[in-house]
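Examining the three-dimensional arrangement
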Amino acid sequence: VFVLPAFGLLLTIGRVCAAASKFFAVDLLEERSESTSLKHACVRIWKTTGVVGALLFKVSCGLTLRNAGHAIITKWIVHLYWMSNGLTCLVIGYSVIALMYVAPLSEDAASALVRDFPSSIGSPVAYMISSGMCVCGALNLTVYQRAGIETGVVANL
């Protein structure tokens, strides 16, 4: 009963991240200042998402280990935390690999990379946002579980 909806949610988030990464890449290319090189902009984005992803991973991991139980709401809470952990691992890994790959490239080679693979800029950002949404969803369900439906409704308002 729990596995199919949880797997469906994971697939949906993966598809949304793929579509959102292209949007973020186009936005970066349009909004960056002319004085900033594309390679430097990519390096800054990847460093920032890697650091924020590591911080989010620390928060999410600690919260995952605190929740245990057999109630269906607890299973969803833990599932959302595990999804957040996995997405932040993707963010950290993607950022580190992208930084190592782009570091020795020239400005023209970095521009060619971004032109040929525009989602390489936006993927870490999309996964980080999705991870944050999973943590928020799990925290929201935790409020419902521990404080009751009335408090959860008030907290959502």
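The residue numbering used here restarts from 1 in each chain and proceeds along that chain's sequence as written. Two thresholds apply to this predicted model, a pLDDT of at least 70 for residue-level local features and 80 or more for giving and counting side-chain atom pairs, whereas whole-chain, interface and lining totals are computed over all residues. For the side-chain quantities, the full set of heavy atoms in the structure was used; hydrogens and water were omitted.

Quick look at a nonpolar patch on the surface
Here the term patch refers to residues with relative accessible area over 30% and no salt bridge, with like charges joined within 9 Å and nonpolar side chains (Val, Leu, Ile, Met, Phe, Trp, Tyr) within 5 Å. All accessible-area figures derive from a Shrake-Rupley calculation using a 1.4 Å probe, and residue coverage is judged against the displayed protein chains alone. Should a side-chain nitrogen of Lys or Arg be within 4 Å of a carboxyl oxygen of Asp or Glu, the pair is scored as a salt bridge. A cluster of nonpolar residues, Phe7, Leu10 and Leu11, forms a patch on the protein surface that exposes about 280 Å² of accessible area. A helix here means a DSSP run of H or I that spans at least four residues, while a strand means a run of E at least two residues long, and both kinds are numbered starting from the N terminus. Among the structural elements, leucine 11 can be located in helix H1 (residues 3-31). Using a 1.4 Å probe on the protein chains alone, a residue whose accessible area is under 20% of its type maximum counts as buried, one over 50% counts as exposed, and one in between counts as partly exposed. The exposure class of leucine 11 is partly exposed, given its relative accessible area of 46%.

A few points about the nonpolar core
In terms of nonpolar packing, the biggest core is built from 14 residues, with Cys42, Ile45, Trp46, Val102, Val114 and Ile121 touching the most fellow members. Of all the elements in the fold, those that place two or more residues in this core are H1, helix H2 (38-66), helix H3 (72-102), helix H4 (107-116) and helix H5 (119-147). Per-element tally for this core: the top contributor is H2, with 5 residues. For the purposes of this section, nonpolar cores are sets of buried Ala, Val, Leu, Ile, Met, Phe, Trp, Tyr and Cys residues that join through side-chain atoms within 4.5 Å. Formed by 13 residues, the second largest nonpolar core is a distinct cluster that contains Cys17, Leu80, Tyr81 and Cys134.

Some points on the pattern of salt bridges
Applying the stated rule across the entire model yields 1 salt bridge. Residue arginine 115 is joined to aspartate 116 by a salt bridge in which the shortest nitrogen-to-oxygen separation is 3.6 Å. Classification of arginine 115 as exposed rests on a relative accessible area of 60%.

Things to note about the layout of surface pockets
A cavity here means a set of points on a 1 Å grid, drawn over the protein atoms and nothing else, where a 1.4 Å probe fits but cannot get out; a pocket is an open set with protein on both sides within 12 Å along at least five of seven lines, and a residue lines either one if it has an atom within 4 Å of a point. Grid points are joined across faces, edges and corners, and a volume is the space filled by probe spheres set on the points. Space inside the largest pocket adds up to approximately 190 Å³. Surrounding the largest pocket, 14 residues form its lining, Ile13, Val16, Ile129, Ser130 and Met133 being those nearest its centre. Among the elements of the structure, H1 and H5 are those that each provide at least two residues to the lining of the largest pocket. Of all the elements, H1 adds the most residues to the lining of the largest pocket, at 7 residues. Ten residues, namely Ala, Val, Leu, Ile, Met, Phe, Trp, Tyr, Cys and Pro, are considered nonpolar, four, namely Asp, Glu, Lys and Arg, are considered charged, and the remaining ones, Gly among them, are considered polar. Of the residues that constitute the lining of the largest pocket, the class distribution is 11 nonpolar, 3 polar and no charged.

A few points about the confidence of the model for the protein
Per-residue confidence for the protein averages 87 on the pLDDT scale, and 98% of its residues sit at or above 70. Confidence, read as mean pLDDT per element, is least for helix H6 (residues 149-156) in the protein (81) and greatest for H3 (90). A residue's pLDDT is the predictor's confidence in that residue, given on a scale from 0 to 100.

Details of the environment of phenylalanine 23
Tracing the chain through its elements places phenylalanine 23 in helix H1. Judged by its relative accessible area of 57%, phenylalanine 23 falls in the exposed class. Sequence separation of phenylalanine 23 and glycine 122 is 99 residues, and the distance between their C-alpha atoms is 7.3 Å.

As for the side chain of lysine 39
Secondary-structure assignment places lysine 39 in helix H2. Counting rule applied: Lys, Arg positive; Asp, Glu negative; His and chain ends not counted. An unpaired buried charge is present at lysine 39: no salt bridge exists, and glutamate 107, the closest side chain of opposite charge, is 6.4 Å distant.

A look at the state of the cysteines
Structurally, a disulfide amounts to a covalent bond that connects the sulfur atoms of two cysteines. Only a pair of cysteine sulfur atoms within 2.5 Å qualifies as a disulfide here. Tallied over the entire structure, the rule returns 0 disulfides. Cysteine cysteine 17 remains unbridged, with the sulfur of cysteine 134 as its closest cysteine sulfur at 8.5 Å. Judged by its relative accessible area of 2%, cysteine 17 falls in the buried class. Lacking any disulfide linkage, cysteine 61 is separated from the closest cysteine sulfur, that of cysteine 89, by 7.2 Å. Look at cysteine 61 and you get partly exposed, because its relative accessible area is 26%.

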